[in-house]
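Notes for the structure review
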Amino acid sequence: MNVDKVILKEPQAGLGSLVHRLISRCPPLDANSMYCNLLQTHHFSKTSVAALYQSQLVGFVSGYVIPERPDTLFIWQVAVDDQARGKGLARKMIAEILQRPGCHHVNYLETSITASNVGSWSLFQSLANKLEAELDKSVLFDRDRHLDDLHDTEYLVRIGPFDQFKVASLINQ
Ligand SMILES: CC(C)(COP(=O)(O)OP(=O)(O)OC[C@H]1O[C@@H](n2cnc3c(N)ncnc32)[C@H](O)[C@@H]1OP(=O)(O)O)[C@@H](O)C(=O)NCCC(=O)NCCS
């Protein structure tokens with residue numbers, strides 16, 4: 001797959017069911033309801049991105065600017081189809097959101113990751129390195145305290161501060 005031919009765009013509600021199927025193909029991501037994916041592609045489209053290759057959805061990032069902290073973009077889920085992995089697509093999708101006009105005031109990135117998700121830790125550590133920013137880790141949702149012992153602890157990852165100059169350089173790496 002030639003990643004240079006992948007088109008990145010703001011999602012529209014019409015993609016909701018394709019997002020639902022992509023997330024289902026990308027364990028260990030939690031599959032949300034299709035309704036949730038529709039809301040992501042509708043109300044959160046400005047801070048989400050769809051990656052299309054030959055009209056197929058091969059990647060999706062959902063995110064939102066934290067309402068009380070407009071300087072922080074929270075990345076909800078990152079999904080890249082098997083065939084498209086290892087080509088920098090996850091990094092490019094996050095950079096695409098960060099460089100949009102609505103994110104020009106954003107200089108922190110947050111997400112949450114379970115301890116065993118090696119790919120996700122690698123992705124966000126790599127982003128922190130490329131943005132030349134600190135990566136802080138703390139507990140966000142604890143297995144016993146918040147998750148009824150049904151789901152592994154989610155660690156909050158906070159990266160920043162960074163500036164738009166560094167975001168622009170992310171696209172070209
Ligand atoms: C994790 C995932 C999103 C990575 O997507 P990707 O497009 O392959 O990632 P990229 O090619 O942009 O990689 C970015 C960086 O992360 C590293 N990385 C990504 N996946 C990795 C893995 N499984 N193991 C080790 N490093 C990994 C790359 O080496 C790269 O680092 P570098 O630029 O410093 O060399 C993808 O494997 C996926 O969808 N996994 C299943 C769902 C999931 O776990 N999502 C993340 C939770 S939010």
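Reading guide: rules and limits
Residues numbered from 1 in each chain as written. Predicted model: local features only at pLDDT ≥ 70, side-chain atom pairs only at ≥ 80, totals over all residues. Heavy atoms only, no water. UniProt positions renumbered as here; feature names shortened; annotations may be inferred. Near = heavy atom within 4 Å. Polar contact = N/O pair within 3.5 Å; in protein donor to acceptor, adjacent residues only side chain to side chain. Areas by Shrake-Rupley, 256 points an atom, 1.4 Å probe, with all protein chains shown as cover. Helix = DSSP H or I, 4+ residues; strand = E, 2+ residues; numbered from the N terminus. Nonpolar A, V, L, I, M, F, W, Y, C, P; charged D, E, K, R; others polar. Axes fitted to C-alpha atoms, helices over the stretch in contact; angles between N-to-C directions. Parallel < 35°, antiparallel > 145°, perpendicular 65-115°, else oblique. Left-handed = near helix turned anticlockwise from the far one by under 90°. Contact = heavy atoms within 4.5 Å. Core = buried A, V, L, I, M, F, W, Y, C linked by side-chain atoms within 4.5 Å. Buried < 20%, exposed > 50% of the residue type's maximum accessible area, 1.4 Å probe, protein only. Arc of directions from axis to C-beta.

As recorded in an unreviewed UniProt entry, the protein chain goes by L-2,4-diaminobutyric acid acetyltransferase and comes from Litoribacillus peritrichatus. Of the protein chain, the UniProt comment under Pathway (unreviewed entry) reads exactly: "Amine and polyamine biosynthesis; ectoine biosynthesis; L-ectoine from L-aspartate 4-semialdehyde: step 2/3." Reading the Sequence similarities (unreviewed entry) entry of the UniProt record for the protein chain gives the comment "Belongs to the acetyltransferase family. EctA subfamily."

Observations regarding the site of the ligand
Among the 21 residues in the neighbourhood of the ligand, the closest are listed as Val-78, Gly-86, Gly-88, Ser-126 and Lys-130. Gly-88 is positioned such that a nitrogen or oxygen atom in its backbone is 2.7 Å from an oxygen atom of the ligand. Bound to the protein, the ligand loses 72% of the 900 Å² it would expose on its own. Elements with a contribution of two residues or more to the shell around the ligand: β4 (72–80), α3 (89–98) and α4 (118–131). A per-element tally of the shell around the ligand places α4 first, with six residues. Taken together, the residues that form the shell around the ligand break down as ten nonpolar, seven polar and four charged.

Some thoughts on the packing of α4 against helix α5 (residues 164–172)
Put simply, α4 and α5 touch, their axes get as near as 9 Å, and they point 120° apart. By the angle between their axes, α4 is oblique relative to α5. In terms of crossing hand, the pair formed by α4 and α5 is right-handed. Residues Leu-127, Lys-130 and Leu-131 of α4 lie in contact with α5, whose contacting residues are Lys-166, Val-167, Ser-169 and Leu-170. A class-by-class count of the residues in the contact of α4 with α5 yields four nonpolar, one polar and two charged.

What to know about the nonpolar core
A general tendency of soluble globular proteins is for nonpolar side chains to be buried together. Grouped together as the largest cluster of nonpolar side chains are 34 residues, with contacts concentrated most on Leu-89, Ile-94, Leu-98, Leu-109, Phe-124, Ile-159 and Phe-162. No other element matches the seven residues that α3 contributes to this core. With ten residues, the next largest nonpolar core counts Leu-22, Ile-23, Leu-52 and Leu-57 among its residues.

Quick word on the side chain of Thr-72
Turning to its location among the elements, Thr-72 is positioned in strand β4. Polar contacts involving the side chain of Thr-72 include one to the side chain of Asp-71, which spans 2.9 Å. Among all residues touching Thr-72, those that are not within four sequence positions of it are Tyr-64, Val-65, Ile-66, Val-106, Tyr-108, Glu-110 and Arg-158.

Quick look at the UniProt feature "domain: N-acetyltransferase" (unreviewed entry) in the protein chain
Residues annotated in UniProt with the feature "domain: N-acetyltransferase" (unreviewed entry) correspond here to residues 6–160. With 27% helix and 32% strand, residues 6–160 has end C-alpha atoms that lie 28 Å from one another.

Comments concerning the packing of helix α1 (residues 16–24) against helix α2 (residues 34–42)
The contact between α1 and α2 brings their axes to 8 Å, and the two run at 120°. Taken together, the axis directions place α1 and α2 in an arrangement best described as oblique. Of the two elements, α1 crosses α2, and the hand of that crossing is right-handed. Across the interface between the two elements, Gly-16, Ser-17, Val-19, His-20 and Ile-23 of α1 pack against Met-34, Asn-37, Leu-38, Gln-40 and Thr-41 of α2. Its residues assigned to classes, the contact of α1 with α2 shows four nonpolar, six polar and no charged.

Some thoughts on α2
Of all the positions in α2, only Cys-36, Asn-37, Gln-40 and Thr-41 are classed as buried. Down the axis of α2, the smallest arc covering the buried residues is 135°, so these residues share one side. Its buried side turned inward, α2 meets α1, β3 (56–65) and β4.

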